[in-house]
Amino acid sequence: MELGYAIAGLVVGFIVGLTGVGGGSLMTPILLWFGISPSTAVGTDLLYAAITKAGGVFVHHKQKHVDWKLTGWLSMGSVPASLLTLGLLSWLHLSTHVLDSVFKLVLGIALLLTAASILLKTKLMKLINPAGNAQAELVLKPLPTVLIGVGLGVLVTLSSIGAGALGTLALFALYPALPTRRLVGTEIAHAVPLTLVAGLGHASMGNLNYMLLLNLLMGSLPGIWLGSKLTRSLTDTWLRPALAIMLAVVGAKLVM
């Protein structure tokens, strides 16, 4: 089974490196397929995401693809929202069965939203910014940015999904002239503190399997490196739509 987890990490890491599709939307359903409980799958995947994306932040920062002011405003909404969500879950003293049911429902909804964002991303980006204009100086919109962070904080804490595809799309809707490379780099930078706080919170509630986390990382880190080295010229035409359809099917099953 440990080898299976490492292979799952390798496959997910490879696909993330190849296509940029968020690891959470792939890893959490795979963990459920392995028979891991929804609460443990969500908690373990959150810390997995924090660790794997930390390396990405370093690379994007060196290339000046991170807008740290925007990251800060997002975090002002997402981190407190995550802490409040975790506090509410702890205060309610819900049974494991009820918690798993809640996580399954939110996870299913998040997967459906992620699938839609993957399929419609290109069309939506052209619709929002048809001219494709980019701007060097960002005019910050603090309140809407914080509200986006709040929504992501709640969603990510309950499902481990949303910081990637949904977060990037929400930011693009608010800042359509922001260059794509800075959009992606900023969202990755924002995802690290959010998933770290949410993951540690889940760990304190017992929703973490340390050996599972270690095995996933053993596979995913070389997988991400390998995927990033290969060309993406063919993947966007078939792999991303195929992944979106798969996520939609899994999400629909979890919701029903």
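Everything numeric in this text was worked out from a predicted model, so none of it was measured.

**Considerations on the environment of Leu46**
Residue position: Leu46 is located in helix H3 (residues 38-62). C-alpha of Leu46 to C-alpha of Val156: the two residues are 110 residues apart in sequence and 8.2 Å apart in space. With residues up to four places along the chain from it excluded, the contact list for Leu46 reads Val156, Thr157, Ser160, Thr195, Ala198, Gly199 and His202.

**Regarding the confidence of the model for the protein chain**
For the protein chain, mean pLDDT is 83; residues scoring 70 or higher make up 87% of the total. Mean pLDDT values for the elements of the protein chain range from 73 in helix H10 (residues 235-255) up to 94 in helix H4 (residues 68-92).

**Describing the environment of Leu10**
Mapped onto the fold, Leu10 is located in helix H1 (residues 2-19). When the C-alpha positions of Leu10 and Ser220 are compared, they lie 4.3 Å apart, and in sequence the two are 210 residues distant. Residue contacts for Leu10: discarding those within four places in its chain leaves Gly219, Ser220, Pro222 and Gly223.

**Here we look at the packing of H4 against helix H8 (residues 180-204)**
Where H4 meets H8, the closest approach of the two axes is 9 Å, and the angle between their N-to-C directions is 20°. On the basis of their axis angle, the class for H4 and H8 is roughly parallel. Both H4 and H8 take part in a crossing whose hand is right-handed. Judged by residue contacts, Trp68, Leu70, Thr71, Leu74, Ser75, Ser78, Val79, Ser82, Leu83 and Leu86 of H4 engage Thr186, Glu187, Ala189, His190, Pro193, Leu194, Val197, Ala198, Gly201 and His202 from H8. Grouping the constituent residues of the contact of H4 with H8 by class yields eleven nonpolar, eight polar and one charged.

**Remarks on the packing of H3 against H8**
Two elements in contact, H3 and H8, have axes whose closest approach is 7 Å; the angle formed by their N-to-C orientations is 140°. On the basis of the axis angle, H3 is oblique to H8. In the crossing of H3 with H8, the sense of the turn from one axis to the other is left-handed. A breakdown of the residues in the contact of H3 with H8 according to their chemical character gives 15 nonpolar, eight polar and two charged.

**Considerations on unusual backbone geometry**
For His93, which is not glycine, the phi torsion reads 50° and is therefore positive. Mapped onto the fold, His93 is located in the loop between H4 and helix H5 (96-128). The phi dihedral of Ser160 falls on the positive side, at around 70°, and the residue is not glycine.

**Here we look at the side chain of Thr168**
Here Thr168 lies in helix H7 (residues 165-174). Those residues in contact with Thr168 that sit more than four places away from it in its chain are Lys121, Ala163, Leu183 and Glu187.

**Brief notes about the nonpolar core**
If you look at the biggest cluster of nonpolar residues, it comprises 41 residues, and the most contacted ones within it are Leu31, Tyr48 and Leu216. Counting residues per element, the ones that place at least two in this core are H1, helix H2 (23-33), H3, H5, helix H6 (142-159), H8, helix H9 (210-229) and H10. Per-element tally for this core: the top contributor is H5, with eight residues. Membership of the second largest hydrophobic core comes to ten residues, among which are Leu152, Leu171, Phe172 and Leu178.

What counts as what
Residues numbered from 1 in each chain as written. Predicted model: local features only at pLDDT ≥ 70, side-chain atom pairs only at ≥ 80, totals over all residues. Heavy atoms only, no water. Helix = DSSP H or I, 4+ residues; strand = E, 2+ residues; numbered from the N terminus. Contact = heavy atoms within 4.5 Å. pLDDT = per-residue confidence, 0-100. Axes fitted to C-alpha atoms, helices over the stretch in contact; angles between N-to-C directions. Parallel < 35°, antiparallel > 145°, perpendicular 65-115°, else oblique. Left-handed = near helix turned anticlockwise from the far one by under 90°. Nonpolar A, V, L, I, M, F, W, Y, C, P; charged D, E, K, R; others polar. Core = buried A, V, L, I, M, F, W, Y, C linked by side-chain atoms within 4.5 Å. Buried < 20%, exposed > 50% of the residue type's maximum accessible area, 1.4 Å probe, protein only.

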